[in-house]
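# Structural description and commentary
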Amino acid sequence: MLRYRATMRITLIHALKHSLVPIEEAFARLWPEATRMNLLDDSLSADLARDGRLTEAMTERFLLLGRYAAATGADAILFTCSAFGPCIEAVARAHAPMPVLKPNEAMIEQAVGQATGHGHRIGLLSTFAPTLASMPAEFPTSVALVPKLVEGALAALDRGDRQEHDRLVVEASKDLRDCDLIALAQYSMAPAASLVAEATGRPVLTTPDSAVMKLKHALS
């Protein structure tokens, strides 16, 4: 049983620098009392893109990050890198019963909870190709998933062009207007959520908001 403290310490582990601002904004808005610490290793995403698959060496790097986070006194760990599900599951097993969340699991739970009708379709919008190789398997097979990659958006963000990133995300989202809801796979996409909702007329779920609310509930 987790013991609630006045201030809970959450370790946030990032593989993309673009994830820091959206998750910090979500905490500030939804759970400002939580103490956060950030660990960033942007070579994780670069190495995955280079190798094209998750390896045992990559899993060991995640286990090392998990051990470091636990040693600092973390009450929970939230990974914000969406393409590393099996690596994060290994960390969760190693540190049970501490909550260790994959970046998308709370949003997936929320999306599936809303996808109860016959023929309900979830649009999955991503800016990082490896995410679309690993994340669909995290949805139950009963869900009709429509994946869509936003070409060039992450490169725009790497150049510091948030406006172009958001424009590309919005344009790609229009292909998902036939879906019942749209899930944004990357934390870095969250600032474009309202624009996507306006362009598609669909409900839009973001990973940061869902994750913060799940952690707040788990640690309360």
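In case you missed it, the structure is sitting above this.
First, a word on scope: everything that follows refers to the structure included in this document. (Residues numbered from 1 in each chain as written. Predicted model: local features only at pLDDT ≥ 70, side-chain atom pairs only at ≥ 80, totals over all residues. Heavy atoms only, no water.)

Regarding its fold elements, the chain presents ten helices and eight strands. Taking 17 Å as the expected radius of gyration for a compact globule of 220 residues, we find that the chain reaches 17 Å, a close match to that expectation. By principal-axis analysis of the C-alpha atoms, the chain measures approximately 45 × 35 × 35 Å. A separation of at least 24 residues holds for 65% of the contacts in the chain among residues at least 6 apart in sequence. For the chain, the exposed area adds up to about 10100 Å²; of that, 52% sits on carbon and sulfur atoms. Of the side-chain charges in the chain, 22 are positive and 25 negative, and the distance between the mean point of each set is 3 Å. (Helix = DSSP H or I, 4+ residues; strand = E, 2+ residues; numbered from the N terminus. Rg over C-alpha atoms; globule rule 2.2 N^0.38 Å. Contact = heavy atoms within 4.5 Å. Areas by Shrake-Rupley, 256 points an atom, 1.4 Å probe, with all protein chains shown as cover. Lys, Arg positive; Asp, Glu negative; His and termini not counted. Charge placed at Lys NZ, Arg CZ, Asp CG, Glu CD.)

Going through the model one piece at a time under the given rule, you end up with zero disulfides. The structure places no disulfide on Cys81, whose sulfur is separated from the nearest cysteine sulfur, that of Cys87, by 8.6 Å. (Disulfide = S-S within 2.5 Å.)

Right, let's get into the packing of helix α3 (residues 56–71) against helix α4 (residues 85–95). Relative orientation and spacing of two packed helices are given, respectively, by the angle between their axes and the distance between those axes. Where α3 meets α4, the axes come as close as 9 Å, and the angle between the chain directions of the two elements is 40°. With respect to α4, the element α3 is oriented oblique. When you trace α3 past α4, the crossing you get is right-handed. Across the interface between the two elements, Met58, Thr59, Phe62, Leu63, Gly66, Arg67 and Ala70 of α3 pack against Cys87, Ile88, Ala90, Val91, Ala94 and His95 of α4. (Axes fitted to C-alpha atoms, helices over the stretch in contact; angles between N-to-C directions. Parallel < 35°, antiparallel > 145°, perpendicular 65-115°, else oblique. Left-handed = near helix turned anticlockwise from the far one by under 90°.)

Among the nonpolar cores identified, the biggest contains 24 residues, and Phe62, Phe79 and Phe84 are the most heavily contacted of them. Put simply, the parts of the chain that give this core at least two residues each are β2 (35–40), α2 (43–51), α3, β3 (76–79) and α4. Per-element accounting of this core gives the leading share, five residues, to α3. Dropping the residues within four chain positions of it, Phe84 is found in contact with Ala15, Leu44, Ser45, Leu48, Leu54, Met58 and Phe62. Counting 17 residues, the second-largest nonpolar core is a separate cluster that includes Val146, Val170, Leu176 and Leu184. (Core = buried A, V, L, I, M, F, W, Y, C linked by side-chain atoms within 4.5 Å. Buried < 20%, exposed > 50% of the residue type's maximum accessible area, 1.4 Å probe, protein only.)

Turning next to the pattern of salt bridges. Oppositely charged side chains can pair when the atoms bearing their charge come close. Summed over all chains, the structure comprises 15 salt bridges. Its salt-bridge partner being Arg29, residue Glu25 comes within 2.8 Å of it at the nearest N-O pair. Highlighted residues: Glu25 and Arg29, both in helix α1 (residues 20–30), separated by four residues, approximately one helical turn. Among the residues examined, Arg29 registers a relative accessible area of 43% and is labelled partly exposed. The partner of Glu164 in a salt bridge is Arg167, and the shortest N-O contact between them spans 2.8 Å. Taken together, the positions of Glu164 and Arg167, both in helix α8 (residues 162–173) and three residues apart, correspond to about one turn of that helix. A single network of salt bridges, built from pairs that share partners, joins Asp41, Asp47, Arg50, Asp51 and Arg61. (Salt bridge = Lys/Arg side-chain N within 4 Å of Asp/Glu carboxyl O.)

Before going further, it helps to examine the packing of aromatic side chains. Within this structure, the stated rule accounts for three aromatic pairs. On the basis of an interplanar angle of 25° and a centroid distance of 6.1 Å, the ring pair of Phe27 and Trp31 is categorised as stacked. Where Phe62 meets Phe84, the ring centres are 5.0 Å apart and the plane angle is 35°; that geometry is what we call tilted. Highlighted residues: Phe62 in helix α3 and Phe84 in the loop between β3 and α4, separated in sequence by 22 residues. On the basis of relative accessibility, which here comes to 0%, the residue Phe62 falls in the buried class. Since its relative accessible area comes to 1%, Phe84 is described here as buried. Following the ring pairs from residue to residue traces out a cluster consisting of Phe62, Phe79 and Phe84. (Phe/Tyr/Trp six-rings, centres within 6.5 Å; stacked < 30°, edge-to-face > 60°.)

Once that is clear, we can look at the environment of Thr141. With respect to the helices and strands, Thr141 occurs in the loop between α6 (129–134) and β6 (144–149). When the C-alpha positions of Thr141 and Leu195 are compared, they lie 29 Å apart, and in sequence the two are 54 residues distant.

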